[in-house]
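Results of the structural survey
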Amino acid sequence: MSKLRSVKGMNDVLPEDAARWHRLESTFRELVGRYGFGEVRTPLVEPTDLFVRSIGEATDIVEKEMYTFEDKGEKSLTLRPEGTASAARAWIQHSVGGKHPVSKWFYLGPMYRRERPAKGRYRQFWQAGCEIYGDPGPYVDAELIDFVVRYLRALGIQDIEVLVNSLGAGGTRDRYRDALLEYLRPHASELSEDSQRRLERNPLRVLDSKAPQDQAIAENAPDILDHLDEESREHFETLKSALDDLGTPYRVEPRLVRGLDYYTRTLFEVRGRGGDLGANAALCGGGRYDNMIAELGGPATPAIGFAIGLDRLLLVMAETEPKPTLDGFLVVQAKELRGKALAIAQTLRDAGARVDADLRGGSMKSQFRRADKSSAPFALILGEREAAEGTVQVKELATGEQRELPIDQVAAAIIRD
RNA sequence: GUGGCUGUAGCUCAGUGGUAGAGCACUGGAUUGUGGCUCCGGUGGUCGCGGGUUCAAUCCCCGUCAGUCACCCCA
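The numbering scheme is per chain: residues are counted from 1 as the chain's sequence reads. As they are written, the chains are lettered A onward and the ligands numbered 1 onward, keeping that order. The model is predicted, so local features are restricted to residues of pLDDT at least 70 and side-chain atom pairs to those at 80 or more, both for listing and for counting; the totals for chains, interfaces and linings are taken over all residues. With hydrogens and water set aside, each side-chain value is computed from the structure's full complement of heavy atoms.

Here's the deal with the overall build of chain A
Broken down by element type, chain A carries 16 helices and 16 strands. Expressed along its principal axes, the backbone C-alpha trace of chain A runs to roughly 90 × 50 × 45 Å. Residue burial is assigned from relative accessible area. The probe radius is 1.4 Å, only protein chains are included, and a residue is buried under 20% of its type maximum, exposed over 50%, and partly exposed in between. Counting every position in chain A, which comprises 417 residues, the buried fraction comes to 50%. Here, Shrake-Rupley sampling with a 1.4 Å probe gives the accessible areas, and only protein chains in the shown set may cover a residue. Put simply, chain A shows about 20900 Å² of open surface, and 48% of that area lies on carbon and sulfur atoms. A helix here means a DSSP run of H or I that spans at least four residues, while a strand means a run of E at least two residues long, and both kinds are numbered starting from the N terminus.

In structure tokens, the structure reads:
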């Protein structure tokens, strides 16, 4: 066991697992393409201030989970803990709003949060997300929620729950906060320790506490949906009927809050119900952030986005059918023929075939064993006789059928599809 | 960040206060140009790391690191 290890909570993906990752990514890229989203690639590192101002100073992410460091003592930088803030920064920086009234962006990449690792939660984790700038909704809100459901289904993930809520706009949040505090304060001593702390700092969080005594109190708490301003109420009603029209299943969850400060109006979360997720069932979180662009110094622009946790999808995703990664595997009779075999392999590769060989010089038996395990449907046998005649034996491993072919006919014989 | 559990071969795991085992995997052979099955053999471990108790520790104690589960929070 080497003492050199990957950093805690940051994991390798080895070739045997890469196919599942490719499926997550290619399915996402394919689907996103059908909606006209374009990819944005931002740096992994941003000025710390970007996240403090967008995500919110008093959030857990900013308070204790960011990888922050001084760049040569000149500037505070942070490894991005999420993608929305970076994308917004890029959108503002390049004045994209001036060129396009509406832009649809997606991103896919690693994010960093210094939390205690657990199943489905890592310090480097992968998110795929979409952002739409310039459309105030609510139809685009519905479209985005529906997108997530379709993406998960395309991966064979059916057992999910879509939760939606609205945080309103303008003064809704503050008005509701006051009403909630008024209700909670008399119960303060009955709340869990955590919630007592949350009470003054972020009382909305008390609502989604898992402690039984908190849930009992939250049960009768005032409902944020009763405090929505008129415009937000209409927005939410239209969103729900748009989802109904799309046939997207959802449940209204007035206690859904989420931990980022920038959300306004539409808020949603998709949870998996597979047993493999443990306590980290949130597969996707998103919502509208109509004020953030302006707060970061850009032109007042409504926006909405979501992020999907790819590591978690991997835990609940259906098994991927293993596909052969090779067409042929060369088996060489004598050591002296290895140079010749290498040349043949190159010729076949030039012709588009996927070919490998074991050129260590082992017995034919061991080479056949490797051919078997390589997933290649064909073994290509090169012996003295074939070498002299410019041919190879092409043996189909599943059936045992074998025929001799001139080298220039081999590629066509073994390439599938 | 708090609490619980775990840490023996590449993998899954047995095991004992007296210097370590199985299955699978890998590899050689039975079959000197032919795999998958079978049989026989072989490689591989500072028993996570450090300290303590002991004549002696993989086993007991403490610490530490890593993993995992729950909480916190979130993707």
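A few points about the domain arrangement of chain A
Where each domain begins and ends follows an automated or database-derived domain assignment. Examined at the domain level, chain A breaks down into domain 1 (15-170 + 229-316) and domain 2 (328-414). Computed from C-alpha coordinates alone, the two centres of domain 1 and domain 2 are separated by 49 Å.

Overview of the packing of aromatic side chains
We call Phe, Tyr and Trp rings a pair once their centres come within 6.5 Å, taking the six-membered ring for Trp, and we label the pair stacked below 30 degrees between planes, edge-to-face above 60, and tilted otherwise. Considering all chains together, one arrives at twelve aromatic pairs under this definition. Taken together, a centroid distance of 5.0 Å and an interplanar angle of 70° make the contact between Tyr262 and Tyr263 edge-to-face. Both residues of the pair, Tyr262 and Tyr263, count as buried. Each member of the aromatic cluster is reached from another via a ring pair, and the members are Phe28, Tyr35, Phe37, Phe106, Phe147, Tyr151 and Phe306.

Section: the sheet that holds strand 13 (residues 355-357)
When DSSP finds two or more bridges between a pair of strands, those strands are recorded as paired. Sheet architecture is open: five strands sit in the order 13-12-14-15-16, paired in mixed fashion. Sheet topology places strand 13 and strand 16 (402-406) at the edges, where each strand pairs with a single neighbour. For this sheet the average axis-to-axis angle between neighbouring strands, irrespective of direction, equals 30°. Of the pairings in the sheet, the one linking strand 15 (residues 391-396) to strand 16 comprises five bridges and is antiparallel in character. Residue pairing in the sheet places Val392 in a bridge with Leu405 of strand 16. In this analysis an axis means a line fitted to C-alpha atoms, helices contributing only their contacting stretch, and an angle means the value between N-to-C directions, from 0 to 180 degrees.

Concerning the sheet that holds strand 3 (residues 67-71)
Spatial ordering of the open sheet is given by 2-4-3, a layout of three strands whose pairing is antiparallel. Of all strands in the sheet, those with a lone pairing partner are strand 2 (45-47) and strand 3, marking the two edges. Across the sheet, the mean angle separating the axes of adjacent strands is 35° when strand polarity is ignored. Pairing between strand 2 and strand 4 (residues 75-79): three bridges, direction antiparallel. Across the sheet, Val45 pairs through a bridge with Leu79, a residue of strand 4. By definition in these notes, contact holds between two residues if any of their heavy atoms fall within 4.5 Å. Running at roughly 75° to strand 2, helix 2 (residues 48-55) makes contact with strand 2, strand 3 and strand 4 of the sheet.

Details of the layout of surface pockets
Grid points spaced at 1 Å over the protein atoms alone were grouped into cavities, where a 1.4 Å probe fits but cannot get out, and pockets, open sets with protein on both sides within 12 Å along at least five of seven lines, with lining residues defined by an atom within 4 Å of a point. Grid points are joined across faces, edges and corners, and a volume is the space filled by probe spheres set on the points. Put simply, the second largest pocket is a space of about 450 Å³. Along its surface, the second largest pocket is lined by 21 residues, and Arg173, Asp174, Asp261, Tyr262 and Tyr263 are the ones closest to its centre. Residue classes follow a fixed rule: Ala, Val, Leu, Ile, Met, Phe, Trp, Tyr, Cys and Pro count as nonpolar, while Asp, Glu, Lys and Arg count as charged, and any other residue, Gly among them, counts as polar. Residues that form the lining of the second largest pocket fall into these classes: six nonpolar, eight polar and seven charged.

Things to note about the packing of helix 7 (residues 172-184) against helix 8 (residues 193-201)
Taken N-terminus to C-terminus, the directions of helix 7 and helix 8 make an angle of 140°; their axes are 10 Å apart at the nearest point. The orientation of helix 7 with respect to helix 8, classified from their angle, is oblique. The handedness of the crossing between helix 7 and helix 8 is left-handed. Residues Arg177, Leu181 and Leu184 of helix 7 lie in contact with helix 8, whose contacting residues are Leu199, Glu200 and Arg201. Comment on the angle field: the value is read as roughly parallel under 35 degrees, roughly antiparallel over 145, roughly perpendicular from 65 to 115, and oblique elsewhere. A crossing counts as left-handed when the near helix is turned anticlockwise from the far one by less than a right angle, and as right-handed when that turn is clockwise.

A closer look at the nonpolar core
In this structure, Phe28, Phe147, Tyr151 and Leu313 are the most contacted members of the largest nonpolar core, which totals 92 residues. If sequence neighbours within four positions are ignored, Leu313 has contacts with Leu24, Tyr151, Leu152, Leu155, Ile157, Leu283 and Ile308. In these notes, a set of buried Ala, Val, Leu, Ile, Met, Phe, Trp, Tyr and Cys residues joined through side-chain atoms within 4.5 Å is what counts as a nonpolar core.

A short note on helix 1 (residues 15-34)
Multiplying 1.5 Å by the helix residue count minus one yields the expected span of that helix. Here helix 1 contains 20 residues, and its C-alpha end-to-end distance of 29 Å stays within 8% of the 28 Å for a straight helix at 1.5 Å per residue. Three or more residues of helix 1 are buried, namely Ala18, Arg20, Trp21, Leu24, Thr27, Phe28, Leu31 and Val32. Where helix 1 is buried, its residues contact strand 5 (103-112), strand 6 (124-133), helix 6 (139-154), strand 11 (303-309) and helix 12 (310-316).

Some remarks on the pattern of salt bridges
Here, a salt bridge means any Lys or Arg side-chain nitrogen found within 4 Å of an Asp or Glu carboxyl oxygen. Counted under the stated rule, the structure contains 23 salt bridges. A salt bridge links Arg89 to Glu46, with the shortest nitrogen-to-oxygen separation between them at 2.5 Å. Placement of Arg89 in helix 4 (residues 84-93) and of Glu46 in strand 2 is noted, with a sequence separation of 43 residues between them. The burial state of Arg89 is the same as that of Glu46; both residues are buried. Linked by salt bridges that have partners in common, Asp141, Asp229, Glu231, Arg265, Arg288 and Asp290 make up one network.

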